[in-house]
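Spelled out from the first residue to the last, the chains are:
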Amino acid sequence: MEGSNMNDMSQFDQGVAVDTIKMQSRGVNVFYGDTHAIKDVDVDIADKTVTAFIGPSGCGKSTFLRVLNRMNDTIDICRVTGKTTLEGEDIYDPKVDPVQLRAKVGMVFQKPNPFPKSIFDNVAYGPRIHGLSQNKSDLEDIVEKSLRRAALWDEVKDRLQAPGTGLSGGQQQRLCIARAVATSPEVLLMDEPCSALDPIATAQVEELIDELRTQYSVVIVTHSMQQAARVSQKTAFFHLGNLVEFDETDTIFTNPSDPRTESYITGRIG
Amino acid sequence: MLWILLTLLFLGTLGYVLGRQRALASAGGDRRVLHSLPNYYGLNVTLLTLVPALLVLGLWLIIQPIAVERSVAAQIPAGYMESVENPTLLMTEVRRLAGGIDDAIDRGFLSPEEAANLASDTDIRAQLAGAGVALGSDVSEEVLVAAQSFRALNATGSTMMLIVVFLLAFAGLAYAYARTHKDLRARNRVEYAVLAILMGASTLAILTTVGIVLSMLWDTRNFFQLYPWQDFFFGLEWRPSFEGDSDLGLIPLLWGTLYISFIALLVAVPIGLFAAIYMAEYASRRVRSVAKPLIEVLAGIPTIVYGLFALITVGPLLRDYFAQPLGLGDSSSSVMTAGIVMGIMLIPFVSSLSDDIINSVPQSLRDGSYGLGATQSETVKQVILPAALPGIVGAVLLAASRAIGETMIVVLGAGAAARLDLNPFEAMTTVTVKIVGQLTGDTDFSSPEALVAFALGLTLFVITLGLNIFALYIVRKYREQYE
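Per-chain numbering applies: the sequence of each chain, read as written, is numbered from 1 onward. All chains are assigned letters beginning at A, and all ligands numbers beginning at 1, according to the order in which they are written. For this predicted model, a pLDDT threshold of at least 70 governs which residues receive local features, and a threshold of 80 or more governs which side-chain atom pairs are given and counted, while totals over whole chains, interfaces and linings are taken from all residues. Hydrogens are left out, water is left out, and the side-chain values use all remaining heavy atoms of the structure.

A look at the domain arrangement of chain B
Each assigned domain of chain B is listed here: domain 1 (2–184), domain 2 (185–226) and domain 3 (233–482). Reported domain spans reflect what an automatic or database domain assignment gives. Domain 1 of chain B and domain 3 of chain B are separated by 50 Å when their C-alpha centres are compared.

As for a nonpolar patch on the surface
Residues and elements named next belong to chain B. Only residues whose relative accessible area exceeds 30% and that form no salt bridge enter a patch; like-charged residues are grouped when within 9 Å of one another, and nonpolar side chains (Val, Leu, Ile, Met, Phe, Trp, Tyr) when within 5 Å. To be clear on the numbers: accessible area is Shrake-Rupley with a 1.4 Å probe, and residue cover counts the displayed protein chains and nothing else. Here, a salt bridge means any Lys or Arg side-chain nitrogen found within 4 Å of an Asp or Glu carboxyl oxygen. On the surface, Leu317, Tyr321, Phe322, Leu326 and Leu328 cluster together into a nonpolar patch covering about 540 Å² of accessible area. The residue tyrosine 321 is located in helix 12 (residues 303–323) in this model. For every residue, the accessible area obtained with a 1.4 Å probe (protein chains only) is divided by the maximum for its type, and the residue is called buried under 20%, exposed over 50%, and partly exposed between those limits. For tyrosine 321, a relative accessible area of 60% puts it in the exposed group. To qualify as a helix, a DSSP run of H or I must reach at least 4 residues; to qualify as a strand, a run of E must reach at least 2; elements of each kind are numbered from the N terminus.

What to know about empty space enclosed by the protein
Residues and elements named next belong to chain B. Cavities and pockets are defined on a 1 Å grid built over the protein atoms alone: a cavity is a set of grid points where a 1.4 Å probe fits but cannot escape, while a pocket is an open set with protein on both sides within 12 Å along at least five of seven lines, and lining residues are those with an atom within 4 Å of any such point. Grid points are joined across faces, edges and corners, and a volume is the space filled by probe spheres set on the points. By the definition in use, this model includes one cavity of 30 Å³ or more. The volume enclosed by the largest cavity comes to roughly 40 Å³. Lining the largest cavity, in full, are Met279, Lys292, Ile295, Glu296, Ser351, Ser352 and Asp355. Of all elements in the fold, only helix 11 (285–300) and helix 13 (335–359) reach the threshold of two or more residues within the lining of the largest cavity. Each residue receives one of three labels: charged for Asp, Glu, Lys and Arg, nonpolar for Ala, Val, Leu, Ile, Met, Phe, Trp, Tyr, Cys and Pro, and polar for the others, Gly being one of them. Tallied by class, the residues present in the lining of the largest cavity amount to two nonpolar, two polar and three charged.

Description of the packing of aromatic side chains
Two rings belonging to Phe, Tyr or Trp (six-membered ring only in the last case) form a pair when the distance between their centres is within 6.5 Å. Interplanar angles under 30 degrees mark stacking, angles over 60 mark edge-to-face geometry, and anything in between is tilted. Under the counting rule described, the total for this entry stands at 14 aromatic pairs over all chains. Judged by centre distance (5.6 Å) and plane angle (50°), the ring pair of phenylalanine 53 of chain A and phenylalanine 64 of chain A falls under tilted. Linking phenylalanine 53 of chain A in strand 3 (residues 50–54) with phenylalanine 64 of chain A in helix 2 (residues 61–67), this pair joins segments that are 11 residues apart in sequence. Between phenylalanine 223 of chain B and phenylalanine 232 of chain B, the aromatic rings sit 5.5 Å apart at their centres with planes inclined by 75°, giving edge-to-face as the arrangement. Phenylalanine 223 of chain B sits in the buried class, given a relative accessible area of 0%. Residue class for phenylalanine 232 of chain B comes out buried when judged on its relative accessible area of 0%.

A look at the layout of surface pockets
Its boundaries defined by the atoms lining it, the largest pocket holds a volume of some 790 Å³. Looking at the largest pocket, it is lined by 25 residues, and the ones nearest its centre are Thr74, Ile75 and Asp76 of chain A together with Glu281 and Gln376 of chain B. Its residues placed into classes, the lining of the largest pocket shows 10 nonpolar, six polar and nine charged.

Let's talk about the pairing of strand 9 (residues 234–239) of chain A
Residue and element names in this part refer to chain A. Among the six residues of strand 9, six are classified as buried, and the element is accordingly described as predominantly covered. When DSSP finds at least two bridges between two strands, those strands are taken to pair. Two elements, strand 3 and strand 9, share four bridges in a ladder whose sense is parallel. When the bridges of strand 9 are listed, phenylalanine 53 appears paired with alanine 236. In sequence, strand 9 turns back onto strand 10 (residues 242–248) through a hairpin of two residues, with leucine 240 there showing a positive phi of about 50°.

Some points on unusual backbone geometry
All names here are of chain A. With a phi close to 50°, lysine 48 is a non-glycine residue in the positive phi region. Assignment of secondary structure puts lysine 48 in the loop between strand 2 (35–46) and strand 3. The backbone phi angle of serine 184 is positive, close to 45°, even though this residue is not glycine. Tracing the backbone shows serine 184 in the loop between helix 7 (169–181) and strand 7 (187–191). Serine 184 sits in the exposed class, given a relative accessible area of 52%.

Considering the packing of helix 4 (residues 119–130) of chain A against helix 5 (residues 136–149) of chain A
Residue and element names in this part refer to chain A. Here an axis means a line fitted to C-alpha atoms, over the contact stretch when the element is a helix, while the angle between two N-to-C directions is reported on a 0 to 180 degree scale. As a packed pair, helix 4 and helix 5 sit with axes 9 Å apart at the nearest point and diverge in direction by 110°. Judged on the interaxial angle alone, helix 5 and helix 4 are roughly perpendicular. The hand of the helix 4/helix 5 crossing is right-handed. On helix 5, the residues that touch Ile119, Phe120, Val123, Ala124, Pro127 and Arg128 of helix 4 are Leu139, Glu140, Ile142, Val143, Ser146 and Leu147. Split into classes, the residues belonging to the contact of helix 4 with helix 5 amount to nine nonpolar, one polar and two charged. What sets the label is the angle itself: under 35 degrees gives roughly parallel, over 145 gives roughly antiparallel, 65 to 115 gives roughly perpendicular, and the rest give oblique. Put simply, a crossing is left-handed when the front helix is turned counterclockwise from the back one by less than a right angle, and right-handed when it is turned clockwise. Contacts were defined at the residue level, with two residues in contact if any of their heavy atoms lie within 4.5 Å.

Here it is as structure tokens:
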């Protein structure tokens, strides 16, 4: 039942994706020193869609994810060429402040990384920095809304002042998602968000991702092909720094056009 | 002495070779059958040969002089003991005469028989002086008798020591050799011995601390028997005079110590911390690789050199450009001078430790903050510094301990005048400087003026101990919250 449901969704999204492309990359190359990590990648990220990046370890999918919010800027030896736009605006334009960009393109990391602060302060971190609240009750509203959106509110509402590091792994990851959601981003990047979580916490986070799709466009890097199939509508397959294939998730998993994609999803490379 | 050690070493080596051979022989030459590597069997025999023998040797060398001295002192007639001016010097005289006679025999001036027949009516002092041994006074009959008995006891003691030590070494060798067999767990035994050495080393460090405290406690107790403790702890005057009737109040010294340390920390903590933040978060690898060692050079400068810098540069500078124009005094030695120079000395402590601590904050926290659109300085202020706080507090308290114990910079920078004053351009002094002052020159260790040094030292020890405990408390408290 779930499968057919997703099928319907994908078809619906396809119709939307044609006219609302949120982010677009053309001819993106990334170099780490002398290493050519990403080679000439073109990707369109559609609005209100979950896009999955899959591929074997070291294929460049995380590197490419970090191109989308300029996190690679924090690495000295990293160089990015090509054009990437957010709603038509080049994000690598010198006029663009990467700090502002990252507020619009939020990120959730592989390992849950709550700050050594209270749960409340963790979620309020972004809104405080960007001045998103008028007053204290406004801030409390944002925190509550974000925690609700991350499906964590009921578990932590009585202990908002407890340290965020005291939560369980799955709760910590949802706290990080709440933290990212609190700055009202337009795009949410997730770098293997479930790889440090147990199956139950993974299921909760996946359910959450599906819900987040109603508000944001989500890009998720994952090692698990089942996860890509479950949560995404579009899938990009990376191999050795190349974007091999980018299509509807169903097409990639049932009828891939490139033999390398087929090898990977059937388990022959990876 | 040397030949005893060499012989023991030889026995140990012999034991090693024998043990190794026997183990191999018991396995029929196949080392795979052995429980442990052949070396361990050898080492096992060596250890059993050497360790008991060396332990007894060491103990014997400590106990024998004490025992001999006791028994000789008991032999000296009580009447004679009372007739000499200074009974404590009598034993020194006995020891010196006994040593002199032995020296004379070693150099061939006296035969052992002549030495045994020395009589007090001959001029022993002159005889020994001829042999190159100088005695302080003429030798009396009683001292000569005591010295001869001292020599005799020492000779028997040494002989017995030799016998016991070598017996033990042979016994150990024989026992271990007999036990050596392919199934013996030689590896575990040798590792147990290594464990004992490690434990011994840590115990020694702890015992030394205890010993230092106990010796200070003893002299401090003596001090408080001569000088009321209320006057020491609450006295507002420091005016020692060696004719007696001194004022030995702690407060002015403590005030100077805390005032100078406070200014030093006021200089060192912000500069050190900012330098650390720059080094850890902003500096490129190239800048870092040059600048960090340069800052750490500061830590290698001897404090007396800092003192000279305070004396000839900083002091006059502060006096000419701040103190005199502001009408705050005209002394180049001042709390400010010592505090600033000491602060410079402490910068590398704070910066180097804080740098390491900031670097150990996980990169994932930085990424998380940048990923939310925080700038670098927001990340430092709101994420990195709170996470690194316990370690930074530890670094600051360590620097404070250093500041409180510093002496040379204070002597040259702040002078030696004990004074209770708020004006930072006045000369003041610290506890450490006064400890040095009270113990240099001719001191009589039974006067409160000298003994006060121990009370001061113990006070400093307690203060730094308190600081360290406080640091531990802070670190623990925050660690619970943040990990």
